[in-house]
Amino acid sequence: MNVKNRKCIRKLSWRSLWASRKRNIIAIIAIALTALLFTSLFTIVMSINSSYEMYTFRQVGGYCHGTFKEVTEEQIENISAHSNVKAAGKRITIGYMNSGIFAKTPAEVSFMDDNCTEWSFAEPTTGHAPQGRKEITMDTHALKLLGVEPEVGAEIELTYTVGALSEIPYEKTDTFTLAGWWEYDDISPVHYINISEEYAKEMETEAISKGLDPFRIDLNVMMASSMNIRGQMEQVDLDLGYAWDKTDEGELVRIGVNWGYTSSQLGESMDATTLIAILTFLALVIFTGYLIIYNIFQISVTGDIRFYGLLKTIGVTPRQLKRIIRQQALFLCIVGIPADYYWDMCRCNSDASRNGTNHFWCRRFHRQHFTVDFLCVCSVCANYSFAVLLPSG
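### Concerning helix H6 (residues 197–209)
Argument step 1. Here H6 is 13 residues long and its end C-alpha atoms lie 19 Å apart, about the 18 Å a rise of 1.5 Å per residue gives.
Argument step 2. The set of residues buried in H6 consists of Tyr-199, Ala-200, Met-203, Glu-204 and Ala-207. Projected onto a plane normal to the axis of H6, the buried residues spread over an arc of 140 degrees and lie on a single side. Away from its buried face, by an angle of more than 90 degrees, H6 presents the exposed residues Thr-205 and Ser-209.
Argument step 3. Tucked inside the fold, the buried residues of H6 contact strand E2 (85–97), strand E3 (107–112), strand E6 (155–162), strand E7 (170–182) and strand E8 (191–195).
Argument step 4. Phi turns positive, to about 95 degrees, at Gly-211, one or two residues after H6.

### Looking at the packing of aromatic side chains
Argument step 1. Here the structure, examined in full by the defined rule, presents 4 aromatic pairs.
Argument step 2. Both rings, one in Phe-176 and one in Tyr-199, keep their centres 5.1 Å apart while their planes meet at 75 degrees; by these two values the pair is edge-to-face. One end of the pair, Phe-176, is in strand E7; the other, Tyr-199, is in helix H6, and 23 residues separate them in sequence. Neither Phe-176 nor Tyr-199 differs from the other in exposure class; each is buried.
Argument step 3. Of the aromatic side chains, those joined through ring pairs into one cluster are Phe-57, Tyr-63, Phe-121 and Tyr-261.

### Some points on the pairing of strand E5 (residues 135–139)
Argument step 1. For E5, the buried fraction is high: 5 of the 5 residues fall into the buried class.
Argument step 2. Taking every second residue as pointing to the same face, both faces of E5 are buried, with Glu-135, Thr-137 and Asp-139 on one and Ile-136 and Met-138 on the other.
Argument step 3. Two strands pair when backbone bridges link them, and E5 and E7 are joined in this way by 5 bridges, in the parallel orientation. Across the sheet, the residue bridging to Thr-137 is Gly-180, located in E7.
Argument step 4. As defined by bridge partners, E5 adjoins E8 across 2 bridges and the pair is classed as antiparallel. Following the sheet pairing, Ile-136 is matched in E8 by Ile-195.

### What about the state of the cysteines?
Argument step 1. Within this structure, the stated rule accounts for 0 disulfides.
Argument step 2. Cys-64 takes part in no disulfide bond, and the closest cysteine sulfur, belonging to Cys-116, lies 7.1 Å away.
Argument step 3. With relative accessibility at 10%, the residue Cys-64 sits in the buried group.
Argument step 4. Using a relative accessible area of 0% as the deciding quantity, one classes Cys-116 as buried.

### Some points on the pattern of salt bridges
Argument step 1. Here the structure, examined in full by the defined rule, presents 10 salt bridges.
Argument step 2. With its nearest N and O atoms 2.4 Å apart, the salt bridge here joins Asp-174 to Lys-134. Pair noted here: Asp-174 is in strand E7 and Lys-134 is in the loop between strand E4 (126–127) and E5, with a separation of 40 residues, a long-range link.
Argument step 3. What makes Asp-174 buried here is its relative accessible area of 10%.
Argument step 4. Residue classification places Lys-134 among the partly exposed residues on the basis of a relative accessible area of 24%.
Argument step 5. Asp-218 is the salt-bridge partner of Arg-216, the closest N and O atoms lying 2.9 Å from each other.
Argument step 6. On the accessibility criterion, Arg-216 (36% relative accessible area) is partly exposed.

### Things to note about a positive patch on the surface
Argument step 1. On the surface, Arg-6, Lys-7, Arg-10, Lys-11, Arg-15 and Arg-319 cluster together to form a positively charged patch.
Argument step 2. Topologically, Lys-11 is positioned in helix H1 (residues 6–19).

### So, the nonpolar core
Argument step 1. Phe-68, Ile-79, Ile-94, Ile-136, Tyr-160 and Ile-195 are the most contacted members of the largest nonpolar core, which has 52 residues in total.
Argument step 2. Counting residues in hydrophobic clusters, the runner-up holds 7 residues, among them Ile-9, Val-316, Ile-324 and Ile-325.

### A look at the side chain of His-191
Argument step 1. Topologically, His-191 is positioned in strand E8.
Argument step 2. Side-chain polar atoms of His-191 contact the side chain of Asp-139, separated by 2.9 Å.
Argument step 3. Contacts of His-191, omitting those with residues within four sequence positions, involve Phe-102, Thr-105, Pro-106, Ala-107, Glu-108, Asp-139, His-141, Ala-142, Leu-145 and Tyr-184.

### Structural notes on unusual backbone geometry
Argument step 1. A positive phi angle, near 55 degrees, is found at Phe-121, a position not held by glycine.
Argument step 2. Inspection of the secondary structure puts Phe-121 in the loop between helix H4 (114–119) and E4.
Argument step 3. The phi angle at Asn-228 is positive, at roughly 50 degrees, despite the residue not being glycine.
Argument step 4. Mapping Asn-228 onto the fold places it in the loop between strand E9 (216–223) and helix H7 (229–240).

The rules behind the values
- Residues numbered from 1 in each chain as written.
- Predicted model: local features only at pLDDT ≥ 70, side-chain atom pairs only at ≥ 80, totals over all residues.
- Heavy atoms only, no water.
- Helix = DSSP H or I, 4+ residues; strand = E, 2+ residues; numbered from the N terminus.
- Expected span 1.5 Å × (residues − 1).
- Buried < 20%, exposed > 50% of the residue type's maximum accessible area, 1.4 Å probe, protein only.
- Arc of directions from axis to C-beta.
- Contact = heavy atoms within 4.5 Å.
- Phe/Tyr/Trp six-rings, centres within 6.5 Å; stacked < 30°, edge-to-face > 60°.
- Pairing = 2+ DSSP bridges.
- Disulfide = S-S within 2.5 Å.
- Salt bridge = Lys/Arg side-chain N within 4 Å of Asp/Glu carboxyl O.
- Patch = residues over 30% accessible without salt bridge, like charges linked within 9 Å, V, L, I, M, F, W, Y side chains within 5 Å.
- Areas by Shrake-Rupley, 256 points an atom, 1.4 Å probe, with all protein chains shown as cover.
- Lys, Arg positive; Asp, Glu negative; His and termini not counted.
- Charge placed at Lys NZ, Arg CZ, Asp CG, Glu CD.
- Core = buried A, V, L, I, M, F, W, Y, C linked by side-chain atoms within 4.5 Å.
- Polar contact = N/O pair within 3.5 Å; in protein donor to acceptor, adjacent residues only side chain to side chain.

Now the structure itself:
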């Protein structure tokens, strides 16, 4: 007798599950805990990597992917419009302070647009970005060194050196109005002192009249991904007819890559040995998960061996038995894996709330969810493979 009715097969599968519901509940919990185990493993590794990257970003002074150095306004428009560039931020450096109270940690006087301010950890937590001609923002430690109490509207007399170190600069003393400030980071390489674009343009005209070159403009960028940042930026230069090296032909647009991104470092230094090591680790994790869930199902199915034998006696084919077990395996996965997924979603939402809605943290939040999706797929594949292999024995 060959039963071809799919509805009958589904009913047999469901009623078999229901008859052993206590055992299956334990199996569901075991699957959820196994998925949680590997999710936690990947999340811990990624969290360690994120902490390392963040520490490096703070040392570097920002987390943009890279910088196109000493660009013109025309080049800024062309680079910003390139498909590989997802976001861009302009910075005009007009001068610096590296002596006296700023001898230990120098200060850079510059204009930053909104993107550049965010990526450089220089967003005012109190007040606002410079808008008026002589408005200024800086960190709390710079205010302390200048002897100024953090108060919006406070007057600050600032003496700084106009121009670049390679030129013959001159000193300029001006009075500014404090528009905002942020907490100082002890490992920051410089004090960022931000001014308005209007004041930067005005000072550039004055500097040129005194024989100095136009102020340096850098374009910080976020690329399509953090993998192979240098390659992506070089491709932008190539597409636009620029050169990143003096030996090449074309307009010179030098490139600087943020070395804080471990994925970019890994991509640039990837060789056969590193690739084999990564693939071996992933294969080991997947195989370990497969074995754990395989044993879970083996324990679950062993108790039903006699039942399956009776089904074969009455004429159920091996293909139909496979379908029964496959449906049971998929049902347990459908219940067990989303339970772990929901728990991880709640935990990641809690982490994201503690870290705010900053773009940097949101990126890591989504990366953790990708890990959960990856593990869920691996778990389903493992269960499916087991469901197919078991009846053939």
